[in-house]
Structures are given as structure tokens and as C-alpha cells.
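One letter stands for each residue in the lines below.
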Amino acid sequence: MRFSALCRLRWEAAAPLAARAGWRGTAPLQADSPAPRRGTASSTGGRREKQQAAGGGRARGSATGEIIQSSKKVLTSLRRGHPTFKPTLAIVQAYDEDLVQEINKNFAEEIGLHVVHICLPQGSSEHEIIGEILRLNEDPTVHGIALHLSENAYSSKILNAVKPEKDVDGVSYINLGQLVRGDAYNCSVSPTASAVMELLEKLVRSIDGKKVLLVGSPGPLEASLHCLLQRKGAMTMSCQWKTQQLQSKLHQADVVVIGSTKPEEIPVSWIRPGTTIVNCSPDFLSGEHGYGQDLEAVGPLAIAMRMQNMVKTSERWIQSQQYREWNLHCLKLQPLSPVPSDIEISRGQSPKAVDVLAKEIGLLADEIEIYGQTKAKVRLSLLERLKDQPDGKYVLVAGITPTPLGEGKSTVTVGLVQALTAHLNVNSFACLRQPSQGPTFGVKGGAAGGGYAQVIPMEEFNLHLTGDIHAITAANNLLAAAIDARILHESTQSDKALYNRLVPVVNGVREFSSIQLSRLKRLGINQTNPGTLTADEISKFVRLDIDPSTITWQRVLDTNDRFLRKITIGQANTEKGFFRQAQFDIAVASEIMAILALTTSLADMKERLGKMVVANDKNGQPVTAEDLGVTGALSVLMKDAIKPTLMQTLEGTPVFVHAGPFANIAHGNSSVLADKIALKLVGEGGFVVTEAGFGADIGMEKFFNIKCRASGLVPSVVVLVATVRALKMHGGGPNVTAGAPLKKEYTEENLQLVADGCCNLQKQIQIAQLFGVPVVVALNVFKTDSQAEVDLVCDIAKQSGAFDAVPCNHWSAGGRGAVELAQAVRKAASQENSFKYLYNLELPIIEKIRIIAQKIYGAEDIELSPAAQSQISRYSQQGFGNLPICMAKTHLSLSHQSERKGVPTGFILPISDVRASIGAGFIYPLVGTMSTMPGLPTRPCFYDIDLDPITEQVKGLF
């Protein structure tokens, strides 16, 4: 049997490219060439094809060679701009064909691509193959996925399991759909289909008007070919091998594209003379295609096209990593009057799915970890991706000295970002602290904002959120347990027994752990073999010799529990009489919380955790978490807590919730990481609004002197929140008590009280001016405030040096009620900034405390207790004297006495004790009788909190 047709099939043989000097092609089969017998492929020919494919020469002008060189050039250019980028193609193989993989590997090496070859057992199930694909989908180091399976394994489930953006073979429905719609640039086109089109352009001068028959082509290939051929003007037909119309269609066709192995019983004579045949069946490289050794196919060219797709995928990946303009769709508000309860407002709004919000603000799919429908952790890798992106403007919301009810800093923060983004179309982010369970169930309630300016869902925000505080509690208490256990074991065991237990023989091997090797190095012991230490070295290694009277590390609990302020531990008989007095602190006062708020990376957090000083040894030297060998374990407990949590406001604008240190007993600010990520996401011209706890004398001072030092960030504006209610209290009004009705002085107009109380506002403005940052006063308006009172406050604020002072109605109107504030903040942020710190870190600890007391609080001087003086001397001797100061002081007065309102003067500030948070990086003086464990009032908030057992809805949070 002979072909009388002109079957001009170009074979682009692939060889190990590093060893080849040129490509070699075969001559086209002429019309009078002898045809082989049907179904008798020459084994010699098959071997020659394999050798050519894997090790032959190349012709520089061939299509395959041109594609390889073009792809190499593009990738080289990409990597010049991104030198650390390593484009990686993962090939999932569950089919016994090594030659194709050899060509994939060689082409990839020539271009500069990295190939990961995953070999699954032949006959692997659909479930097993999909499982491997899903793993690769989520691997951020893999940029493309290709499948090499047996013909019958390509199910639609498998093909569509590949992420469209990683689908270099163009087999997913999304890529096929984009191709059909004409969006070939943003999708991957089947490399086999592209190779067929490339060959036809060379073999058939024009396919316009030609009849092309696709025989035995699998679904994705058939769809791609139909689309590409029809765009070139061809008339396409398709059928499978065993159909009644096959012979008729073969006789009609000008071009036949063969997509699968021809059955034995189909005679070659059915193809009419003059037909061009292209064979792209997957077994062509094996030589068992049924036409003999002289027919050539698209195999190597298709693989070259696959590599070209991989380079295009890499280009799109690089583009996807660049900063994305926001495409934020804000949620509409319909404020009601009277304003419903906070929880009713929260439930009346339908939040966006958090993955939708993340995409709108430019986060990539692999940068979020979703918790339910409305919360997601954001991975720190984003900081590396956007490291070259300019930061937005940095705004701090602080306040005047508050009443016990709070004056609405969180509400102002949320209202401001709603106004900026939903009403002025400016990118903005709110960065808030996570509420502690203590106030939520105690007196104050939650901290999600209020009215029509809050974070939603507010009950999720105010309760467990993503478990960060629980992680801190677990880590803190693990360290506390390690301290007491170590004291017990050292007190009851010899050096040899301790050493044998600390460095045991496991499976016949005795070795130090990495953290033990670090301790040896700090001790100056250079041995790494446990058997070589001397008795003296063993004693130094095993004994921390903790002095129990110097332990400063306390256990914590995220509940207000006054009866844990002083406790006795170790009273069980098993502790052998080693009891001591201790205490519990509120969880958010833990140094680990402070570290979470101040850290800049996972590595930085681990280092800070190791530096935490928990006690002194009997020689007066500090004992750290690293000495106890617990640093790695603490890092493991905190590995998820370090990621900020993404939520949204009532108007669908983004919020980061992260860290929650109290401002009166810690540094009172949300995390540096949340602020840094948000500043990158908003972009140049955007705003990040973060809140400092309590009055400007506490939260703002610590923000500037501690947080800004840790982050290196420079604030643009301070928004100082005031209320008529609080100003009346500072002007001599009656006491304000949580849970009790307000006296008539607060609900009726009283201009004199307001004017007298503005002294506190003026003092807080002056404090902000000490740091060289412009101040905008936000007057949080209540319905009982008269217009005359509002105007008076704004006038006095401007006269006192505020850049502007504006009334805000965001509580009742949402972002629309804070538009004037947003405009004032934008104007203030455009002013020149002369930010500076309050004190030099090189000053002695006592002098730094004195500067804060005098310049911020207005004290005449400070008075140190003997205990405080002793601790300051010890910390200075230990080398901790150059740290900033974090004062623990009441938030209800500028002084240490909560009943003294307005601007107290002439007082001496008593420092009762001084502690050191070395890991967090500050010295921690306690002012007066400041407690680190709040207590519950007579009627706590939990009386009003309940759960509906049918709907599972939380009641009574607000």
C-alpha cells in the first residue's frame, strides 16, 4: 500500500540542548514515497526517532529552535528585573514514557526553567492524581503544572483541578473559555494545538477555506483546534475513529489532524490524495503510531510550545506580584433614627466574603488563610512582595483623658476610614487592637467601634477572633511552668542526674539539641559532643540557679479575676515543699503580647522571645527564655498569631485586627506588622489609621517613643478625640460611673463646664506638639450636645494650636458623618512634618522616667521606692539601660490619682516598682498602686450576655 497524498509532516527532533550544535530535520514525504504496511512501525525507526528526540542535532532556523531561543530571551530579561525569581514547572506523570520527560527536561534547561518531576505509580486513581495537583496548586514555589497521563486518565475533574493560572497546557475550562472569547493573551493555549497551527502555516500556505478534519482528538485539544482553525478561516469537522461518517469525512478533508492512535482496522486508503496529515497523538514519539518510521509529528514542537507557555505564565506571575490598584466595592448604609443597638446594626449588614475583600485590595489568593466567612489571616510574605511599593500616610487616633465610659476612639477610627474610602474614594485601612475578654465581660464591653462606625461581625471581633490571645496565654504559661519545674528539678537532682535527663541517649545516640548548643556557646563551652564536657562544664550547663525571689514572669489569664492578684503556688505534696508566692496578670499584659505588637518578622519574634528575662540567678545575672530552652516551643505556639487578621467595616472597607496590649499597663497599640502591611496595600496617597489606647498622655506617648522606634515609621497626623461629656467632667462635673445614668450636667447645655474642661484638651494638644506632628481634633458628637457647646470646643481647639477641629457624626451616620474629618486629615497630612522623639535612649533610666513625668503628665518630680531604685540599678548593670520607657499608670487622670481631673499640677509621681520587658524592648515602671490584673465590678457586662440556643446568635454584647 502506498500514499498518493502529499504528507508533509515536519519532525522537530529534540536533543540535550547543551550538547547540540544544530538541529537536523528530515525531508518531507513525497507523493511517490513508498508507504509502510498499516500497523507495522519499524522498531529501528522508532529507536532512531527517540535518539533524535533526546540527543540529535538542531537546525537554528527551525520552528522549535526559534521558540526555544525566544523563550530563553524573554526569561533572561525577566530574571534581570527579578534576580531571585526561580520559575518552576511541575510535571505530574502517571504514565510510562520517559522520552517526553527527557525532552521537557532538556528544553527547560536550555531556557532556564526549573522542572520538578512528580512520578505517580502507573494506574494511579483519579483521587490520587487530583490530590497531587491540589498540593501543587497551593505551593507558592510552583508556577506551572503540566500533566503527563495515559489517554484514558484525562477526566474533566483532573483537568479542572489545575489552577487556571498554573495550567501551562491550557486544559482547564477557564483557559478554554478565555480562548473561545478571544482573550488568548491572558490564558494558556494548548501547546499541541499551537504546534499544529505552527506546522500548518509552514505546510499549507493558507488554510483559509480549507476543510480540516479532527480525528480522535481529546476534548480540550479538539476545542482549542476548532477555535484556532476557525479564526484562520478554516471549516472544521470532527469525529472519532469508529464512526460511520469517518470514511466520508476523510475523503472531504484537505487537512487531517490525528489526535489519538489509529485503530488497526482503519485503512490508510480512506485518506484521499493531496491530503495533509498532522499527527499529534501522544504515542508518536514511541514509534507505534501505525504509519511507519518516515512520518513525523508535532511532539517536540508541542513541548517547546509548553515551555513557551511556562515563560508566559512566569510573566503573568511576575505581573500578579506587582502592586494592584484597589477595586473595592463598598457596602451601602441606610442609617436609622433612633440608632439601633450596635449588634442590631452589625447583623443588619451583610459583610462581603473575606476572600472577595482580599482580592479587592490586591491580596493574592496564597497570601490569606481564611477563618470562616468573614476573617482571614494575612501572610507576612506580602511584605517581601511589595517591598518596593511606597507607603501611604500614617495617621494615629488618640484622645483626651477619658471618662470610664470611653470617648469613642475606635468609633472615630472606623468612621474616618469609612469616610476616606467609601465617600472620598481614597484607599484607607484601619488597624485596631484585638479586644481582651477582660473588658468585654467586665465593665467596658467590646471595642469594635459603635453605631454606624464599627467592625463587623462585631460579636466575632469581640470574642475569640482567630485565637491570638489564647496562643499568647498558652505560650506565656508554658514559660511560667518551665521556670518552676526547672527550680524543682535543680533542687532535687545532682549535676550528673540533671545532665543525663537533659541530654538523654536516644536510640543509642546522645546529642545536644540546637537550643542546647546555643546555650553552650553563650557559656563559652566549645564542645559539641556530650561525652567530652568536664564536670565543671556540666555543672555550668545544667544549673540556671534561679533565685525565686527575683522571678518577674507571671502566669496570665484573659479574664478579670482579682483573687489571682496574689496566690501561693506549689502546695501539693508532689512539689516537695517548694512553694512560693506568685500572681496572675491579665493576658494582654504579657510581654509576649507586647512582642507580638512590636515584632517585624517571624525571625525577629523568635529572637525577642528568646531574650525575655524571667528572673535573675543567684549571682544577679539575668535568666532568659533561651536559657530555659523554650524559645522554639514559644515560637511554634505563636506562628499563626503573628499574622494580622483581615476584617471589614460596616461599609466594606478593610480593617486589620492584630495584638491587644492595654495602654495603662502595656504600650497600648496594635501591631507594627499590621501597620506595615496596610501601608503597602493602600499605596502612595492612601491612609492607614491606627489607634492608641486611652489618652494621648499614655497611648500616644508610647506609640511615638516605643512603637515608632521599633517600626521606623513616621506618623503624618494625630487625630485627637474629644467629647463634650469628658470635657464637662474635666471642668468640674460630677463623677461619671459605668452603668449609672449620667447626671443632668452632662445632658443639658453648660458652656462654662465645657470651657473649664478644655484645659485637658489643650494639654493633650500640647503633648502631641512635643513630637512635632500636626493635630486634628475630632469632636465625637452625642445627641445631647448643643451646637453652642460643639462650636466652643472646636474654637478653643484651633486657638490652642490644632491644625483643625471638626465635629463628627459617624456614630449616627456612618462614614458620611466623618467626611469633614477625613478632609481635614488629608490636608494636615500634606503639611511638612517635624516628628521627633521625646527623649534620647542613651539617657539614664531615671532621667527618661522623669522627662515623661514632667513633660507629659505635668508632675513636679518623681519618687522611687527602694524596690524600684534597686531594680533600676540592676537593669542598668545588666546592660538594659538604653531601652525606652513604658509607664504603667492609670488612664483616668494625667496624674497617678484617677480622681484628679483636668490638668493636675504640683504632684510627685510615685514609682512603686520597675520591671524589664527585654524581649519587647522596654523598661516597665509601675506608677503608684497600678494593678496588672483588673477585677470584676458588682454588675459585670456578662449579666447581659446570652446565647439563643436555636439561632446560636449572641445577645447583649451591646
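Our structure is the block above this text.
Residues numbered from 1 in each chain as written. Predicted model: local features only at pLDDT ≥ 70, side-chain atom pairs only at ≥ 80, totals over all residues. Heavy atoms only, no water.

Peer 1: Give a detailed account of helix α24 (residues 672–682), specifying residues and quantitative values.
Peer 2: Buried residues dominate α24, accounting for ten of its eleven residues. All of the buried residues in α24 are Val 672, Leu 673, Ala 674, Asp 675, Ile 677, Ala 678, Leu 679, Lys 680, Leu 681 and Val 682. (Buried < 20%, exposed > 50% of the residue type's maximum accessible area, 1.4 Å probe, protein only. Helix = DSSP H or I, 4+ residues; strand = E, 2+ residues; numbered from the N terminus.)

Peer 1: Can you lay out the sheet that holds strand β1 (residues 88–94) for me, pointing to particular residues and giving the numbers?
Peer 2: If you walk across this open sheet you meet the three strands as β2-β1-β3, and the pairing is parallel. Two strands in the sheet have a free side with no partner beyond their single neighbour: β2 (114–119) and β3 (144–149). On average, adjacent strands in this sheet sit at an angle of 20 degrees to one another, irrespective of strand direction. In terms of strand pairing, β1 meets β3 through six bridges, oriented parallel. Paired with Ala 94 across the two strands is Leu 149, which belongs to β3. (Pairing = 2+ DSSP bridges. Axes fitted to C-alpha atoms, helices over the stretch in contact; angles between N-to-C directions.)

Peer 1: So what's going on with the pattern of salt bridges? Which residues, and what values?
Peer 2: Going through the model one piece at a time under the given rule, you end up with 34 salt bridges. Between Lys 375 and Glu 460 there is a salt bridge, with the nearest N and O atoms lying 2.5 Å from each other. Taken together, the residues span a long stretch of sequence, with Lys 375 in strand β9 (residues 375–378) and Glu 460 in helix α16 (residues 458–462) at a distance of 85 residues. For Lys 375, a relative accessible area of 9% corresponds to the buried category. Here Asp 627 makes a salt bridge to Arg 519, at a shortest N to O gap of 3.4 Å. Here Asp 627 is found in the loop between β21 (622–624) and α23 (631–638), whereas its partner Arg 519 is found in helix α19 (residues 514–522), with 108 residues between them in sequence. Of the two residues examined, Asp 627 and Arg 519, each falls in the buried class. Beyond isolated ion pairs, a larger network of salt bridges with shared partners links Glu 369, Arg 379, Lys 639, Asp 640 and Lys 643. (Salt bridge = Lys/Arg side-chain N within 4 Å of Asp/Glu carboxyl O.)

Peer 1: Mind laying out the sheet that holds strand β4 (residues 211–215), listing which residues take part and the relevant values?
Peer 2: In space, the four strands of this open sheet follow the order β5-β4-β6-β7, with parallel pairing throughout. This sheet does not close on itself; its edge strands, each paired only once, are β5 (235–239) and β7 (276–279). Each adjacent strand pair in this sheet contributes to an overall mean axis angle of 20 degrees, direction not counted. Running over the sheet, helix α7 (residues 191–203) touches β6 (255–258) and β7 and is turned about 155 degrees from β7. Packing of helix α8 (residues 219–231) onto the sheet brings it into contact with β4, β5 and β6, and relative to β5 it is tilted by some 165 degrees. (Contact = heavy atoms within 4.5 Å.)

Peer 1: Let's hear about a negative patch on the surface: which residues, and what values?
Peer 2: Taken together, the side chains of Asp 96, Asp 98, Glu 102 and Glu 109 define an acidic patch exposed on the protein surface. If you trace the backbone, Asp 96 turns up in the loop between β1 and α3 (98–111). By relative accessible area, Asp 96 is classed as exposed at 55%. (Patch = residues over 30% accessible without salt bridge, like charges linked within 9 Å, V, L, I, M, F, W, Y side chains within 5 Å. Areas by Shrake-Rupley, 256 points an atom, 1.4 Å probe, with all protein chains shown as cover. Lys, Arg positive; Asp, Glu negative; His and termini not counted. Charge placed at Lys NZ, Arg CZ, Asp CG, Glu CD.)

Peer 1: Describe in detail the packing of α7 against helix α10 (residues 299–321), supporting the description with residues and values.
Peer 2: One way to put it is that α7 packs onto α10 with a least axis distance of 8 Å and a crossing angle of 120 degrees. Considering their axes alone, α7 and α10 lie oblique with respect to each other. Pair α7 / α10 crosses with right-handed handedness. Between α7 and α10, the residues in contact are Pro 191, Thr 192, Ser 194, Ala 195, Glu 198 and Leu 199 and Leu 301, Ala 302, Met 305, Arg 306 and Asn 309, respectively. A class-by-class count of the residues in the contact of α7 with α10 yields six nonpolar, three polar and two charged. (Parallel < 35°, antiparallel > 145°, perpendicular 65-115°, else oblique. Left-handed = near helix turned anticlockwise from the far one by under 90°. Nonpolar A, V, L, I, M, F, W, Y, C, P; charged D, E, K, R; others polar.)

Fair warning: the whole summary comes from geometry, so function is off the table for now.
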